[in-house]
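# Commentary on secondary and tertiary structure
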Amino acid sequence: HRDTRVFYRQWSTAFHAAILLLVLAAIFTIMWQVKKRVLTPLEELNRGIELISASGPSTFRFGLVKEGEFGTLADAINRMLDSILAMQARVAESEASYRELVETATSIILKLDTGGTVTFINYFGQTFFGYSSEEITGKKAVGTILPATGSDGTDQDGIYAGILAHPATNASIE
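Read on for a plain summary of the structure. (Residues numbered from 1 in each chain as written. Predicted model: local features only at pLDDT ≥ 70, side-chain atom pairs only at ≥ 80, totals over all residues. Heavy atoms only, no water.)

### A word on the nonpolar core
The condition is simple: Think of a nonpolar core as a cluster: buried Ala, Val, Leu, Ile, Met, Phe, Trp, Tyr and Cys residues, connected wherever their side-chain atoms sit within 4.5 Å. We call a residue buried when its accessible area falls under 20% of the maximum for its residue type, exposed when it is over 50%, and partly exposed in between, using a 1.4 Å probe and counting protein chains only. Secondary structure elements are defined from DSSP: runs of H or I of at least 4 residues count as helices, runs of E of at least 2 residues count as strands, and each element is numbered from the N terminus.
Counting residues in hydrophobic clusters, the biggest one holds 7 residues: Leu-45, Ile-52, Phe-62, Phe-70, Ala-74, Ile-77 and Leu-81. If you list the elements that add at least two residues to this core, you get α1 (2-55) and α2 (69-104). One finds Ile-121, Ile-136, Ala-141 and Ile-145 within the second-largest nonpolar core, a separate group that totals 5 residues.

### Here's the deal with the packing of aromatic side chains
For clarity, the threshold we go by: For this analysis, a ring pair means two rings from Phe, Tyr or Trp (six-membered ring only for Trp) whose centres lie within 6.5 Å, classed as stacked if their planes differ by under 30 degrees, edge-to-face if by over 60, and tilted for the remaining angles.
Evaluation of the coordinates by the stated rule reveals 3 aromatic pairs. On the basis of an interplanar angle of 90 degrees and a centroid distance of 5.0 Å, the ring pair of Phe-60 and Phe-62 is categorised as edge-to-face. Considering the side-chain rings of Phe-128 and Phe-129, the 5.0 Å spacing of their centres and the 90 degrees angle between planes classify their relative orientation as edge-to-face. The class for Phe-128 is exposed, based on a relative accessible area of 54%. When its relative accessible area of 27% is taken as the criterion, Phe-129 is described as partly exposed.

Nothing here speaks to function; it is all geometry.
Written as C-alpha cells, this is what we have:
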C-alpha cells in the first residue's frame, strides 16, 4: 500500500512537472510569435516614422514590413508620403507663380503689419517710391511712402491707424 502511495506521488509530481513544462513551452512560443509578428514589425514602423519625422517625407519609404495589417499600414504610410510630396510640389509651383505675378505686376503691392510697418513691397512699388526692399522693409509706412499730413494739413496717421485696425472694412483703397 505504501509503495502505491509513493508511486502515485512520484507519478503526480512528474505529471505536474510535465504540465508545467508544456505551459511554459506554450507561453514561450506565444511570446516568440508576438515578438515576431507584432513587436518587431511595430519597431520597424516606429524606426521608419522617426526617420520621416527627423528628415521629412522625401527621404524614406517602407519596404515590405510584414504581410497582413502591418504591410497594409506601411503601404498606406508610403502612399501618404507620396501624396505629401506631390502636394508640396504643387504648393512650391503655386508659390513660384504667385511670386512671379506679384513681382512683375505693374501695380504697387504693399503689405503692412497692424502697426503700420512695411513687411513687403513688390518691385513696382520699390521703383515707384524709390526705396529698395531692404531700405523700406521694417520701416513705418507713414512718413516714408505715405504722407504724415494730408494736403489740407490734417494728421494722416490717425486715418491710417483706423484703416490698419479694421482691415476688413478697408480691404481695397485706391
